[in-house]
Amino acid sequence: MLTTKALSMPKKIGNLILGLLLFFFSLPSSAVSAQLNFGYYVSPDYFELESFTGRYSGFLFDYVESLSNYAGRRVIYKQCDFNHCTDFLTSGQVDVIPVVVSNKDQKLPYDLVPTPVSKAAVFLGLRHGRASLYSSKLQRVGFVKSSQSEPKLRAALVEKGFRNIRNLEFVGFDDSSNMFESYKNGDLEGMVIEALRRSVNLPIVAELFDADVYLAVRKGDENLKIMLQNSMERMHASDPMLKNILNSKYFMSGEPLILTDEELNYLNRRQVIKAVATSGQAPYSFFDKGHHRGLIADIAKIFERDLGVKFEVLESQNDSEMNEMLSHGQADILFDLYSDYNWARLRNMRMTSPYLSVDYVPVTRDGRIPENPKVAALYGSFFTSEYVEKLYQRDNITYYSTLNDCLTAVADGSADVTFMQSLVAQTQIELSGHRGLRSSGTAVFSHQIAVGISANRDPILVRILNKEIAHIDKRNLRMLSNEIEFESLRRGSLIDLIYNYPLRSIGIIAVPMLFIIALLTYLVFERRRSFRTIRRMYYTNVKTGLHNGRWFKERIPKVIEKLNSGAFAGDPFVMVLAIKHKDILEKNYESRHLLEAERNWIIKCRENFPWILECAVAVDLEGIYILGLLKHQALIESLMQDFERAEKLFAIGGVAVNIRTVCGICMLKSGTRTNMSNVIVSAQMARDDAMSRGQSYVVYTDALEQVKLKHKRIEDLMEKALENNEFEVWIQPKYAIRSRRVIGGEALVRWRSPEMGFMQPGEFVPLFEKNAFVIELDYYMLSKVRSMQQARSRDGKLCVPISVNQSGLHFSEDNYLSRMKDLADSIPLPDGLLELEVTESAFFDITSRDPHRNASNTMQKLREMGYTFSMDDFSKGYSSMSSLLMLPMDTVKIDMDMLKAAMASDRARKIFAGVVKLCKSVDMKVICEGVENAEQEKMLLSTGCNYGQGYMFSKPMPMHLFLNMLDRQQAALSRHQAQKMS
């Protein structure tokens, strides 16, 4: 007996089957339709792949895609190496591949679909091009036996006009991969390849013949072969023009220009070919001062470039004159022949393949053609015979000899319409002056243009030109033609608009013109305002609001001119003034308060001292320029007394601040024109000289000019001197007062110049401090001293610490620490043998937050490299004793002025002793420089200072003498120790 569960089981199975059927039929068609795997290799124009977009293109791609619509297959494209496409097919990785076959009857490793897809040219390529044909060496040329045969290849070469082919040895290969490998290895000098493989880097010598391109399937796959053959037949029946369309689309680009020996010899004999072209058809073909211009001229230049000949183009006014020139032998070819063989036969000419297509458009007065129009036609024109005379009644046609006559007939009402090339229509209308005529732009007739060759000339010229026409890219010619046509339409459109709609045009033009006038007016006023602003900025010191140096240089000559005219009595002069120790003020006061104080001080000076005529401030605030007038019998000293009073006028925030000034003065000669730049430079030289001497002012003299010239000479030679080791290291010994032994030395520089002689440091170091060359000189001295110390240490000789001066400029040098580290690494020394001697002013800002400017941080890093430190000229700088103790110094050199003061009074001696005691308490060695006598030594010993510089060793000495002295001291010590031990 069946249970209820058993009865329900068939129902469930049926529902399951129904659901599966519904799911199957609901799938998209692509999921159930078969696919076709097409193997391809990249070949120009046949099958190409854009690497960036992944898009396919080419003749074969379009053909296969169209075929897939009739085969009902979805095509999957798989790229393969063209040498191994057959392997892809036989292994089943792809179903179809394209192949080039010259002989279908030979045994092939695949089956061919009977209907060919396309044609592919077969080329001969040689490694060294055409020159290989004339080589005495045998040229081995490879070919694939399944595609070609040697007799066919030799016959094709002979047919193409190649006579010297006896040195060619054709070598057959079973497949192309072996052939290409042999060529790559140098076993072959050439190959026979098809157009599908033109991507191979091989110079083409000859195009032999055309072979068919087929679709190939696996051997024995009859079903696929029959399906593809039937699909191709249906496709060609439905779209018979498909191949023509694809040929036009992909094979308009140039084929290789391959000329035979006969053709090359012909061109070599005919370096100049006379041609004739129509005139008066700008921009299609026209002449300008005897030179051919226009589209046809541009194409002729392409022919000249490719063929290596010169076309001498003659001008003809009409067809009759052109035919006469050709028949009488004045010209050989016609560049713009209508591509019609009957037309060419009537003119006794041969014709090449067409290279250009032209369109014709109607030209009327109002843009409309009446139902039965009167037509102005160009007499003897191909277009007239092929279009006008066939479409319109002869009674309504009037013939004219030129295009301009045709346009005139339409303009004056003698005709309703004329026709001309779209390229020239708009331009001819402009040239004729008939602005009322219009071209519709709609083409009514098209024909092609070819090159005509006189029948009396060698037919070989036709073959050469046909190859050139097949070589040039027709798409570029069409693009060039379209550009010319568009340019002529664009150029004429605005003129036509104005002519046909004058009132509207005036209204359209008036609005922007009014706007432009308003804009120009605004720009003029804005320019004047901007000019005033720029002028004010150009002649004003932005920080102070006072006049700057540019204004001063341009203003002063005008004032001097008034002085020379007698408006003022006195001797004019230019003064350049600076405030001493301005860096201290900048450190202690805000910049805005300091700038305001400086501005107010200059204004007060101008108001209080009538001898100041003009004043200005340098751009960098490093100087104040003053034009002054020294009254007759007045002295400059009296003016300087005024500045002593002026120094007391300086106040910051209403609080008087004591300042000191230094200035340079340059007197101006009355009645002479003076270059103000030179005057200011001279005054600056005098100011710098005053600053170096510690004076309040210096008047410029010729002696300063000599100094200036000497400085210029020094700067010209300093680089060369450093390269040639002209700078010498001299050493000033440091000694222990009690024992008289040398305990160290200070390295000093001397310059032995071949050009300027032997110079002391005072003659060039101050200048090097100004131009920053002292930085490189310091590194030079460090290198020399380190090398000396390293050599003595290596030889076991006595070494004492040598101090080398370091300019304060180093501590603003970005790569100072890295260069010092490189020097220490390249010339290693035991710690303590090299001491860096600096002045207090070098470390003025010891608490800067910038690690590159922080003195304490910099010194600590240098100590880690093995350097020690000595402070030079203590008591001459700006820092206090507390500031000194903040720096990791090893030695302090006390200035001799402090020593002389200690010798003069007990109070000064106590201060001196206190300084020595304080330094020794923090392990700083104290050396007093400038010791002159034994009495001073005795005083030093009483204060606890045990070391000096001077007296016994009062003068620096060359380094070799210093080293000899160390050797003698070492020998004496050795003798003393030996005696003591004995």
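Residues numbered from 1 in each chain as written. Predicted model: local features only at pLDDT ≥ 70, side-chain atom pairs only at ≥ 80, totals over all residues. Heavy atoms only, no water.

### Remarks on the pattern of salt bridges
Note the threshold: By definition, a salt bridge exists where a carboxyl oxygen of Asp or Glu is found within 4 Å of a side-chain nitrogen of Lys or Arg. Each helix corresponds to a stretch of at least 4 residues labelled H or I by DSSP, and each strand to a stretch of at least 2 residues labelled E; elements are numbered beginning at the N terminus. The classification of residues rests on relative accessible area computed with a 1.4 Å probe and restricted to protein chains. Under 20% of the type maximum is buried, over 50% is exposed, and intermediate values are partly exposed.
Across all of its chains, the model carries 42 salt bridges by this definition. In this structure, Glu-755 and Lys-720 form a salt bridge, with 2.8 Å as the shortest nitrogen-oxygen distance. Placement of Glu-755 in the loop between strand S32 (742–753) and strand S33 (757–759) and of Lys-720 in helix H24 (residues 702–723) is noted, with a sequence separation of 35 residues between them. Of the charged contacts, one joins Lys-893 and Glu-929 as a salt bridge, the two residues approaching to 3.5 Å between their closest N and O atoms. Of this pair, Lys-893 sits in strand S37 (residues 891–894) while Glu-929 sits in strand S38 (residues 925–931), placing them 36 residues apart in sequence. Here Lys-893 falls in the buried class, since its relative accessible area comes to 0%. Exposure remark for Glu-929: the relative accessible area of 15% places this residue in the buried category.

### Section: the pairing of strand S29 (residues 661–667)
Rules: At least two bridges found by DSSP between two strands is the condition for calling them paired.
In terms of burial, S29 is a largely internal element, 6 of the 7 residues being buried. Sheet analysis places strand S24 (residues 571–579) next to S29, joined by 7 bridges and oriented antiparallel. From the neighbouring strand, Leu-577 faces S29, where its bridge partner is Cys-663. Sheet topology note: the S29/strand S30 (residues 697–699) ladder contains 3 bridges and is parallel. Note that in S30 the partner of Ile-665 across the bridge is Val-699.

### Digging into the packing of helix H23 (residues 676–693) against H24
We apply this condition: Note on geometry: axes are lines fitted to C-alpha atoms, helical ones only across the stretch in contact, with angles between N-to-C directions running from 0 to 180 degrees. Note on terminology: angles under 35 degrees are roughly parallel, angles over 145 are roughly antiparallel, angles of 65 to 115 are roughly perpendicular, and the others are oblique. The contact definition used throughout considers only heavy atoms, calling two residues in contact when any of these lie within 4.5 Å. All amino acids are sorted into three groups, where Ala, Val, Leu, Ile, Met, Phe, Trp, Tyr, Cys and Pro are nonpolar, Asp, Glu, Lys and Arg are charged, and the leftover types, Gly among them, are polar.
Packing of H23 against H24 leaves a shortest axis separation of 10 Å and a crossing angle of 90°. The angle between H23 and H24 places the two elements in the roughly perpendicular class. Within the contact between the two elements, H23 uses Val-681, Met-685, Ala-686 and Asp-689 and H24 uses Leu-704, Glu-705 and Lys-708. For the contact of H23 with H24, the residue count by class is 4 nonpolar, no polar and 3 charged.

### Some thoughts on helix H19 (residues 549–564)
Under the convention used in this document: Every helix has an expected span of 1.5 Å times one less than the residues it contains. What the bend at a residue measures is the angle between two axes, fitted to the seven residues ending there and to the seven starting there. Whenever two N or O atoms come within 3.5 Å, that pair is a polar contact, provided that in protein one can donate a hydrogen and the other can accept it, and provided that, for residues adjacent in sequence, both atoms are side-chain atoms.
With 16 residues, H19 ought to run about 22 Å at 1.5 Å a step, and its terminal C-alpha atoms sit 23 Å apart, in line with that. At Arg-555, H19 shows its largest bend, some 30°, and a proline, Pro-557, comes one to four positions later. Within H19, burial applies to Gly-549, Trp-551, Phe-552, Ile-556, Val-559, Ile-560 and Leu-563. Residues of H19 that are buried sit in contact with S24, strand S25 (612–617), strand S26 (624–630) and H23. Two or three places before Arg-550, at the opening of H19, Asn-548 has a side-chain oxygen 3.2 Å from that residue's backbone nitrogen.

### Here we look at the state of the cysteines
The cut-off we apply is this: Note that a disulfide, as used here, is simply two cysteine sulfur atoms within 2.5 Å.
Using the criterion set out here, one finds 1 disulfide in the structure. Covalent S-S linkage joins Cys-80 and Cys-85, the inter-sulfur distance amounting to 2.2 Å. Residues Cys-80 and Cys-85 are joined by a disulfide whose S-S torsion is about 60°; by sign, that bridge is right-handed. No difference in accessibility class separates Cys-80 from Cys-85, as the two residues are buried. For Cys-605, which is in no disulfide, the shortest distance to another cysteine sulfur is to Cys-615 and amounts to 8.4 Å. Among the residues examined, Cys-605 registers a relative accessible area of 4% and is labelled buried.

### Some words on the layout of surface pockets
To keep it simple, the criterion reads: Cavity: a set of points on a 1 Å grid over the protein atoms alone where a 1.4 Å probe fits but cannot get out. Pocket: an open set with protein on both sides within 12 Å along at least five of seven lines, its lining residues, like those of a cavity, having an atom within 4 Å of a point. Grid points are joined across faces, edges and corners, and a volume is the space filled by probe spheres set on the points.
The calculated volume of the second largest pocket comes to roughly 620 Å³. Along its surface, the second largest pocket is lined by 39 residues, and Gln-281, Gln-317, Leu-378, Ser-401 and Leu-403 are the ones closest to its centre. Contributing elements (two or more residues each) for the lining of the second largest pocket: helix H11 (319–327), strand S16 (333–338), strand S19 (375–378), helix H13 (382–391), helix H14 (403–411), strand S21 (417–421) and helix H15 (422–432). Per-class residue counts for the lining of the second largest pocket are 19 nonpolar, 17 polar and 3 charged.

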